[in-house]
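If you want the building blocks of each chain, they are given just below.
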Amino acid sequence: MSYLRFERALMTNLQDSLGKEILRTNRSGAYSCSTIVDCNTRKYHGLLVVPVPSLDDENHVLLSSLDCSVIQHGAEFNLGLHKYQGNNFSPNGHKYIREFDCDKVPTTIYRVGGVVLRKEVVFQHFEDRILIRYTLDDAHSATTLRFRPFLAFRSVRQFTHENAVASRAYSEVDNGIKTCMYAGYPDLFMQFSKKNEFVFQPDWYRGIEYPKEQERGYASNEDLYAPGYFEMSIRKGESIVFAASTSASKTSGLKKLFQEEVDERSPRDNFFHCLVNAAHQFHVEDKNGDAYILAGYPWFKPRARDTFISLPGLTLSIEEYEFFEAAMKTAEKGLREFMEQKPLTVKLYEIEHPDVPLWAIWAIQQYAKEAGTDKCLEKYGQLVWDILHFIKEQQHPNLTLEDNGLVKTDGKQQAVTWMNSTANGRPIVPRSGFVVEINALWYNALMFGAELASKAGKQAEADRMEKVAAQAKESFVATFVNPFGYLYDYVEGDLCEQSVRPNMIFPVAFDYSPLDNAQKKSIIDFCTRELLTPKGMRSLSPKSGGYNPMYVGPQTQRDYAYHQGTAWPWLFGFYMEASMKLYKRTRLSFIERQMVGYEEEMMYHCLGTLPELFDGNPPFHGRGAISFAMNVAEILRALEQLEKYKY
């Protein structure tokens, strides 16, 4: 039995099924996403969503959906499903679903009278091509299939509406048509593996509604254009493959291509394999050969901080060293261009933030532990030293090395850490001055840099780094350790931010910590009592002022809750690392029980992955982006570390 399998009772209950989404990607930036009943509930949903670099830096929905109808004895049964204004669903094709599973590929089985139709979907790797295979498993009389495509040709951040500008022109191609609604867009090729009849019947389907956008306080209605429909007969046992792409498909090879793509997929038959599949969806290679880590789906881009925090878990923890090296090669290029004040030639966003180069060193440190210090020294030793020199020589525009050995940043006017929510252009959590995790990263980076220098025979350089680190260690304790037993979140002048936040777990988790064991134990105890939830660590303690754990409502309301009590799974990875380093195997069973909360999520929200964040209070509902790289990465890294402690 498939790990991700749902029976008819759930599929026909829209209250349950509309909340479960499925994501397919091609590892070069395009994706396909909808709910498990194929009813789009977000403006980001679509059957074929691709980047169009000639227009902008956004993804664009070309093909929104494809309705399939079964025709027997002149009666048509439409298997599609759309939500229209006024809470009206049509044509209610979900009532024909008998089961859905997502073992290797998303598979839906429909039953209409004596007809049993199986639909399977794959996204071709590294091509902007979605493939759908329809197989008639059973039928007692002549059967015809009719396919009606719904086109959008718009950015994922916009809507389309009926207009006179949209082109209705199309051209016939092998077993299908190609069309393009607006200038600047690529042609959309819709083709089948079997000869068919295309009936030109242009129309707009008006008032289609996206409830997830309503929940988020956005506009939620659009009109979709249907150019007509394709029709063909199908025999019992026969399979037909549909391809939608930005380039022509060789229709005679579509069946073979589909099966090859299926054979390449690894099964989602347990928690770990689901996370591995999810990890691969964040691996992106562009047409220039640059490799990136996408921060999340469906709206995030490759962000520098997310890249370095995610990279070890998404690659090293699943023994994919080559992609780590490829992504780090791209990232190193961006880092060096930034340090040399050159224009960026890579699409790595927010690389100017002060903690980014230090997170890069942390990621390299994880590589050293997995691939060996010698190999790390050869590949990245110089980069580590160059970053430390860059900071030490006061070359970073927003990170200064102070006389006490700590580094200082200005975060009053702009968000400079992972707690980056803003309102009216100002940070909601204005973390400024000496920030706790940035200085923990700084101390850890100095000690790791000294370790590499010593390994390389550069003892004088190692001694200099250790001297700065010793001063930083003493100042860290004096600055951040408070009499209550936890760490200040940031200190600026006379202001010591006393809110209990999860950032204090980082200096406990890092390999080189400025804290002693008693201080570490006290911090872990605080985190366990006030911050830990079954879905990650809260961004703020319920006992601290401003606690706002529910990430709901319009954009501004959500922004104010974003880092004020919501729970983040990726922070649990560092909590687990800190706990296991201090308590060893005695915490093993406790950590294993905590992992149950993440396995549950494989069946909810976006199947087989983890969303961006959770409400900080029960029932800890998943929110934000449907799949988030740092969360998947850190839970994978936690699973890897658990295995090491077991043996």
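Please refer to the structure higher up on the page.
The rules behind each value
Residues numbered from 1 in each chain as written. Predicted model: local features only at pLDDT ≥ 70, side-chain atom pairs only at ≥ 80, totals over all residues. Heavy atoms only, no water. Helix = DSSP H or I, 4+ residues; strand = E, 2+ residues; numbered from the N terminus. Buried < 20%, exposed > 50% of the residue type's maximum accessible area, 1.4 Å probe, protein only. Contact = heavy atoms within 4.5 Å. Core = buried A, V, L, I, M, F, W, Y, C linked by side-chain atoms within 4.5 Å. Expected span 1.5 Å × (residues − 1). Salt bridge = Lys/Arg side-chain N within 4 Å of Asp/Glu carboxyl O. Axes fitted to C-alpha atoms, helices over the stretch in contact; angles between N-to-C directions. Parallel < 35°, antiparallel > 145°, perpendicular 65-115°, else oblique. Left-handed = near helix turned anticlockwise from the far one by under 90°.

Draft legend 1. A look at the side chain of Ser-475. Tracing the chain through its elements places Ser-475 in helix 11 (residues 459–480). The class for Ser-475 is buried, based on a relative accessible area of 12%. Once residues lying within four places of it in the same chain are set aside, the contact partners of Ser-475 are Asn-404 and Leu-406.

Draft legend 2. Up close: the nonpolar core. Ranked by internal contacts, the top residues of the largest apolar core, which has 211 residues, are Phe-308, Trp-442 and Phe-574. Per element, the largest residue contribution to this core is 13 residues, and it comes from helix 10 (residues 436–455). Residue contacts for Phe-574: discarding those within four places in its chain leaves Ile-309, Trp-359, Trp-362, Ile-505, Phe-506, Ala-509, Phe-510, Glu-634 and Arg-637. Counting 9 residues, the second largest nonpolar core, distinct from the first, contains Val-122, Leu-131, Ala-243 and Phe-258.

Draft legend 3. Layout of helix 6 (residues 304–315). With 12 residues, helix 6 should reach 16 Å at 1.5 Å per residue; the first-to-last C-alpha distance of 16 Å fits that figure. Taking burial as the measure, the 12 residues of helix 6 include 12 buried ones, the bulk of the element. If you check which residues of helix 6 are buried, you get Ala-304, Arg-305, Asp-306, Thr-307, Phe-308, Ile-309, Ser-310, Leu-311, Pro-312, Gly-313, Leu-314 and Thr-315.

Draft legend 4. Examining the pattern of salt bridges more closely. By the definition in use, this model includes 48 salt bridges. The partner of Arg-305 in a salt bridge is Asp-355, with the nearest N and O atoms 2.7 Å apart. Here Arg-305, found in helix 6, pairs with Asp-355, found in the loop between helix 7 (321–339) and helix 8 (356–371); they are 50 residues apart in sequence, far enough to count as distant. A single burial state applies to Arg-305 and to Asp-355, both of which are buried. Where Asp-386 meets Arg-336, a salt bridge forms, and the shortest distance between an N and an O atom there is 2.8 Å. Separated by 50 residues along the polypeptide, Asp-386 in helix 9 (residues 373–392) and Arg-336 in helix 7 bring together distant segments of the chain. Using a relative accessible area of 25% as the deciding quantity, one classes Asp-386 as partly exposed. Where salt bridges share partners, they join Lys-369, Asp-511, Glu-577, Lys-581, Glu-634 and Arg-637 into one cluster.

Draft legend 5. Structural context of the environment of Ile-391. As for its placement among the helices and strands, Ile-391 is situated in helix 9. For the pair Ile-391 and Pro-357, spaced 34 residues apart in sequence, the C-alpha separation works out to 9.1 Å.

Draft legend 6. The packing of helix 13 (residues 517–531) against helix 15 (residues 569–583), seen in detail. Running from amino to carboxyl end, helix 13 crosses helix 15 at an angle of 135°, the nearest separation of the two axes being 11 Å. One way to sum up the angle between helix 13 and helix 15 is to call them oblique. Judged by the sense of rotation from one axis to the other, the crossing of helix 13 with helix 15 is left-handed. For the pair formed by helix 13 and helix 15, the contact residues are Asn-517, Lys-520, Lys-521, Ile-524, Asp-525, Cys-527 and Thr-528 on the first element and Tyr-575, Ala-578, Ser-579, Leu-582 and Tyr-583 on the second.

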